[in-house]
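# Tertiary structure, described
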Amino acid sequence: MFGSRICFPFYTSEQSHRDSMTGIRVPEELKSLKIMSEKLEQGREILESIENPNEKISELLNLVRFICRSTQTGVRAKQWFLMKCRLLVEDDKTKIEKILDDMEQLLIDERDNAEKTIPLVQQDSRLGWEPSMLYITDEWHLRWKIRQVDYVLNYEMKTYRQALEL
């Protein structure tokens, strides 16, 4: 519906037509997302503490869990972007190894996040469906994402580490 005006995976100012500098904007967005994530987790804990929840509370709790997991994906996407930027300009091998270790851990955490999201969408197929952009976060798409993460973990990260040996 909106073509390439929806997704800006590289967060550059030129692509998104924003006036702020990417190096300033992304860390600020990350701070906001982390605060949002904390607030969502607090809400989730409150809902989970309700004794004998009715069907509506159970549906709401499943939705909140899904939003918590989606927000974690947003946090990790911005963290990944910042790590890749640092990786491209760092010239100290020890620091590069640390960045690569952090990138691998982020991938492992996000893979786990996707795995734990599957039961949520199995319980309610409405979750993650955005009709105007044809965006779907169903089990099939989550398993596709897991395969993509596995590829990066098993192949791309090895390539980065091999390049460090040159």
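Keep in mind it's a predicted model, so treat the numbers as computed, not measured.

A tally of regular secondary structure across the protein gives five helices and zero strands. Each helix and strand of the protein, placed in order from N terminus to C terminus, yields the pattern α-α-α-α-α. Residue pairs at least 24 apart in sequence account for 66% of intrachain contacts in the protein once pairs closer than 6 positions are excluded. Entry remark: accessible area of the protein is about 11,400 Å², with carbon and sulfur atoms responsible for 57%.

The subject of this paragraph is helix H2 (residues 22-48). Residues separated by three or four positions in an α-helix point in the same direction, a consequence of the helix having 3.6 residues per turn. Taking 1.5 Å of rise per residue, the 27 residues of H2 would be expected to cover 39 Å, and the 38 Å separating its terminal C-alpha atoms lies within 8% of that figure. Every buried residue belonging to H2 is among Thr-22, Arg-25, Val-26, Glu-29, Leu-30, Leu-33, Ser-37, Leu-40, Arg-44 and Leu-47, and all of these are buried.

Here Asn-113 shows up in helix H4 (residues 93-123). With sequence-adjacent residues up to four places away left out, Asn-113 is seen in contact with Arg-69, Gln-72, Thr-73 and Arg-76.

Once that is clear, we can look at the confidence of the model for the protein. Summing up the model confidence of the protein, the mean pLDDT is 88 and the portion of residues at 70 or higher is 87%. Across the protein, the secondary-structure element scoring lowest on mean pLDDT is helix H1 (residues 13-16), at 54, and the one scoring highest is H4, at 97.

All chains considered together, the criterion is met by 18 salt bridges. Here Glu-110 and Arg-76 are joined by a salt bridge, their closest N and O atoms 2.8 Å apart. On the criterion of sequence distance, the pair formed by Glu-110 in helix H4 and Arg-76 in helix H3 (residues 55-89) is long-range, its members being 34 residues apart. Residue Arg-161 is joined to Glu-104 by a salt bridge in which the shortest nitrogen-to-oxygen separation is 3.3 Å. Residue Arg-161 is found in helix H5 (residues 139-164), and its partner Glu-104 is found in helix H4; the two are separated by 57 residues along the sequence. Relative accessible area serves as the criterion here: at 24%, Arg-161 is assigned to the partly exposed category. A network of salt bridges, in which partner residues are shared, links Glu-41, Arg-44, Glu-45, Glu-48 and Arg-65.

As for its position among the elements, Lys-78 is in helix H3. We classify Lys-78 as buried; its relative accessible area is 10%. Distance in space between the C-alpha atoms of Lys-78 and Leu-30 is 6.4 Å, their sequence separation being 48 residues.

A contiguous nonpolar patch, built from Met-36, Leu-60, Leu-63 and Ile-67 and spanning about 290 Å² of accessible area, is present on the exposed surface. Among the elements that line the nonpolar patch, the one with the most residues is H3, at three residues. Positionally, Ile-67 belongs in helix H3. Under the relative-accessibility criterion, Ile-67 is labelled partly exposed at 31%.

This next bit is on H3. The first and last C-alpha atoms of H3 sit 52 Å apart over 35 residues, in line with the 51 Å expected at 1.5 Å per residue. Its side-chain oxygen placed 3.1 Å from the backbone nitrogen of Lys-56, Asn-54 serves as the N-cap of H3.

Where H3 contacts H5, the axes come no closer than 15 Å and their chain directions differ by 15 degrees. Of the possible angle classes, the one that applies to H3 and H5 is roughly parallel. Once H3 is placed against H5, the crossing between them reads as left-handed. Contacts from Thr-73, Trp-80, Lys-84 and Leu-87 in H3 reach Lys-145, Val-152, Met-157 and Tyr-160 in H5. Here the residues of the contact of H3 with H5 are counted per class, giving five nonpolar, one polar and two charged.

What counts, and at which threshold
Residues numbered from 1 in each chain as written. Predicted model: local features only at pLDDT ≥ 70, side-chain atom pairs only at ≥ 80, totals over all residues. Heavy atoms only, no water. Helix = DSSP H or I, 4+ residues; strand = E, 2+ residues; numbered from the N terminus. Contact = heavy atoms within 4.5 Å. Areas by Shrake-Rupley, 256 points an atom, 1.4 Å probe, with all protein chains shown as cover. Expected span 1.5 Å × (residues − 1). Buried < 20%, exposed > 50% of the residue type's maximum accessible area, 1.4 Å probe, protein only. pLDDT = per-residue confidence, 0-100. Salt bridge = Lys/Arg side-chain N within 4 Å of Asp/Glu carboxyl O. Patch = residues over 30% accessible without salt bridge, like charges linked within 9 Å, V, L, I, M, F, W, Y side chains within 5 Å. Polar contact = N/O pair within 3.5 Å; in protein donor to acceptor, adjacent residues only side chain to side chain. Axes fitted to C-alpha atoms, helices over the stretch in contact; angles between N-to-C directions. Parallel < 35°, antiparallel > 145°, perpendicular 65-115°, else oblique. Left-handed = near helix turned anticlockwise from the far one by under 90°. Nonpolar A, V, L, I, M, F, W, Y, C, P; charged D, E, K, R; others polar.

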